[in-house]
Amino acid sequence: MPSNSIAVDIVRLWAPDNLRKAAPGIALCAAIAAVAFVANSNRWMQIGRVMIPPLIVTLAIGMCLQPLSNRHILKPGLDFAGRTLLRVGVALYGAQLTLGQLVDGGALPVVIAIAAVGGTVVFGAMTARLFGLTRDFGFLTGCATGVCGAAAAMATSAVLPRHEHSDRDLAFAVMGVNFISTITMVVYPTLHAALGYSPFEMGVFLGGAIHDVAQVAGAGETLGAEILAVAIITKLLRVACLLPAVTAIAWWVARGGEKAGDARPAPPVFLFGFLLLALANSVGMVSPPIRSVLAQFSSFLIITAIAALGIKTSLLALARIGLAPVMLLVTETVFIGLLVVCLIYGLRTIGM
C-alpha cells in the first residue's frame, strides 16, 4: 500500500513534470468515464427494460483497451486514476451520509467486517498448504481477499519475509484479486432477488464479500444509492481492519522466528476523509446543492477508477498463471462469500 497520503499524491501531481507524465493516462480514463456517463444520460445502453449501468460500459471499454496498459506514456496516469482518484471518490461519498447512518445499521456491518477479515486471513493461510503453496502466500491472498484487494496485498507483502518470488507473488495477488473481484462486482448484484435480502442486507453482503473498494462501489452503483451507501460503509469497516490484520500477520511471521519486511503500511487516509465529510454533513455544513455536486463528482471519479481497472486487467496474463494459486483465490472468494451469506441469515434470526 502506498505510504503517501492522498493529499501528498494530489499535490505532487501538480508538479509540472508529474502532471505531464500523468495527464495522458488520467485523460484516457476520464474520457472513457465521460462516454459512459453520456451513454447513460441518453439511455443509449437500455436494452428493452434492462439498463446497462455506466460502470459496466466503462469496464468493458477499458478491457478492450487493455493492450494500451503497457504504454509508458499512460502508466503513471492509470496508476493515479486507479488508486488516488478512487480513494478521493470514496472519501467524497461521505458527504452523502451522516454519522447517524454509520451506526443506524447496528452491529451487523461491524460483525460482518471483522468476521470476513479475520476468517479469510486465517482460512487463506491454512488452505494454501492444501494447494501446495506456502503459508505466506496464503497470508498474502487471504488478506487481499478479506480486507481490501490490491492495497491489502501490497501492505501484506511489505511485512512478509522477502524471497526470490516475492515480486511475482505480489503481482499475481494484485492482478488475480482485481480480476476475481471484477467478476463478483458483475455477478453479485444479480443475486439480490435470489438471496431474499433487504436493501440494507444486500449492501452489507456486497461490502462484506467483494474484495476491492472499486468493485464494491461499482456493484453498489448498479443497485441504487441506498444499497451503495451500506455497501461502502461495510467495506470501509473492512478497510479499517487493514492495520490490525497486517500487524497480526507481521507478529505471526516474527513468532516463527522469521524476519518480517521492513516497510510498514500507511493508515487508510481516505477512510478518515470519508468520516470527516460525514461529520460535516451531520452538522449541516454541506448544503443540498453542494451535496449534489459532490455526489456527481464522486460517482465520476469512481467510474474513472473503474476505467483504469479495466485497462489494467489482462485476461491473457491471468491465463498463464499456474492453476494452484488461481484455485486458492477462487476458494477464498467462495469462502468469504458463503461466510457473509451465512452470517447475515444467522444474525437475522437473532434480531441483530
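Concerning the overall build of the protein
And step 1. A tally of helices and strands in the protein yields 18 helices and two strands.
And step 2. Counting the 352 residues in the protein, one finds 50% classified as buried.
And step 3. Taking the intrachain contacts of the protein between residues at least 6 apart in sequence as the baseline, contacts between residues at least 24 apart amount to 83%.
And step 4. Split by element, the accessible area of the protein, about 15,500 Å² in all, is 69% carbon and sulfur.

Topic: the packing of aromatic side chains
And step 1. Under the defined criterion, the tally for this structure stands at seven aromatic pairs.
And step 2. Judged by centre distance (5.0 Å) and plane angle (45 degrees), the rings of Tyr188 and Phe205 are tilted. One end of the pair, Tyr188, is in the loop between helix 9 (166–187) and helix 10 (192–195); the other, Phe205, is in helix 11 (residues 199–209), with 17 residues separating them in the sequence. For the pair Tyr188 and Phe205, a shared accessibility class is recorded, and that class is buried.
And step 3. Three or more aromatic residues joined by ring pairs form one cluster here, namely Tyr188, Tyr197, Phe205 and Tyr345.

As for the nonpolar core
And step 1. By size, the foremost hydrophobic cluster in this structure holds 75 residues, and its most contacted members are Phe205 and Leu206.
And step 2. When sequence neighbours within four positions are dropped, the list of residues in contact with Leu206 reads Tyr188, Pro189, Val216, Ala219, Gly220, Leu223, Ile227 and Ala231.
And step 3. Counting residues in each nonpolar core, the second largest holds 21 residues, with Leu74, Ala280, Leu294 and Ala308 among its members.

Topic: helix 4 (residues 75–93)
And step 1. Taking 1.5 Å of rise per residue, 19 residues should cover 27 Å, and helix 4 covers 26 Å from first to last C-alpha, within 8% of that figure.
And step 2. The largest bend along helix 4 reaches roughly 35 degrees and is located at Ala81.
And step 3. The buried fraction of helix 4 amounts to 14 of the 19 residues, a majority that puts the element mostly inside the structure.

Looking at the pattern of salt bridges
And step 1. Following the criterion strictly, the structure yields four salt bridges and no others.
And step 2. Asp79 is paired through a salt bridge with Lys75; the nearest N and O atoms lie 3.0 Å apart. On the criterion of helical spacing, the pair formed by Asp79 and Lys75 is a turn pair, its members being four residues apart in helix 4.
And step 3. Classification of Lys75 by relative accessible area gives partly exposed; the value is 46%.
And step 4. Asp136 is the salt-bridge partner of Arg135, the closest N and O atoms lying 2.7 Å from each other. Here Arg135 and Asp136 have matching classes, each one buried.
And step 5. A single network of salt bridges, built from pairs that share partners, joins Lys75, Asp79 and Lys312.

Focus: the packing of helix 8 (residues 150–159) against helix 14 (residues 242–255)
And step 1. Interaxial distance between helix 8 and helix 14 falls to 9 Å at its minimum, and their mutual angle equals 30 degrees. In terms of their interaxial angle, helix 8 and helix 14 are classed as roughly parallel. Remark: the crossing between helix 8 and helix 14 carries right-handed chirality. For the pair formed by helix 8 and helix 14, the contact residues are Ala152, Ala155, Thr156 and Val159 on the first element and Leu242, Val246, Ile249 and Ala250 on the second.

Things to note about the confidence of the model for the protein
And step 1. Confidence in the prediction for the protein averages 84 pLDDT; 89% of positions are at 70 or higher.
And step 2. No element of the protein has a lower mean pLDDT than strand 2 (residues 50–51), which averages 62, and none a higher one than helix 11, which averages 95.

Thresholds, definitions, all that
- Along each chain, residue indices are assigned from 1 in the same order as the chain's sequence is written.
- Given that the model is predicted, a residue must reach a pLDDT of at least 70 before its local features are reported, and side-chain atom pairs must reach 80 or more before they are shown or counted; all residues, however, enter totals for whole chains, interfaces and linings.
- Side-chain numbers here rest on the full set of heavy atoms in the structure, without hydrogens or water.
- A helix here means a DSSP run of H or I that spans at least four residues, while a strand means a run of E at least two residues long, and both kinds are numbered starting from the N terminus.
- Accessible area is worked out with a 1.4 Å probe on protein chains only. A residue is then buried under 20% of its type maximum, exposed over 50%, and partly exposed in between.
- The contact definition used throughout considers only heavy atoms, calling two residues in contact when any of these lie within 4.5 Å.
- Each accessible area value is a Shrake-Rupley result obtained with a 1.4 Å probe; residue values ignore everything except the protein chains displayed when judging cover.
- Note on ring pairs: Phe, Tyr and Trp rings are taken, using the six-membered ring of Trp, and paired if centres are within 6.5 Å. Classes follow the plane angle, with under 30 degrees stacked, over 60 edge-to-face and the rest tilted.
- Remark: nonpolar core denotes a set of buried residues (Ala, Val, Leu, Ile, Met, Phe, Trp, Tyr, Cys) joined through side-chain atoms within 4.5 Å.
- Under the convention used throughout, the expected extent of a helix is 1.5 Å for every residue step, that is, one less than its residue count.
- A residue's bend is the angle separating two fitted axes: one through the seven residues that end there, the other through the seven that start there.
- A pair is scored as a salt bridge if a Lys or Arg side-chain nitrogen falls within 4 Å of a carboxyl oxygen belonging to Asp or Glu.
- Lines fitted to C-alpha atoms define the axes here, with helix axes fitted over just the stretch in contact, and angles between the N-to-C directions of these axes take values from 0 to 180 degrees.
- We call two directions roughly parallel when the angle between them is under 35 degrees, roughly antiparallel when it is over 145, roughly perpendicular when it lies between 65 and 115, and oblique otherwise.
- Take the far helix as the reference: if the near one is turned anticlockwise from it by less than a right angle, the crossing is left-handed, and if turned clockwise, right-handed.
- Values of pLDDT, the confidence the predictor places in each residue, fall between 0 and 100.

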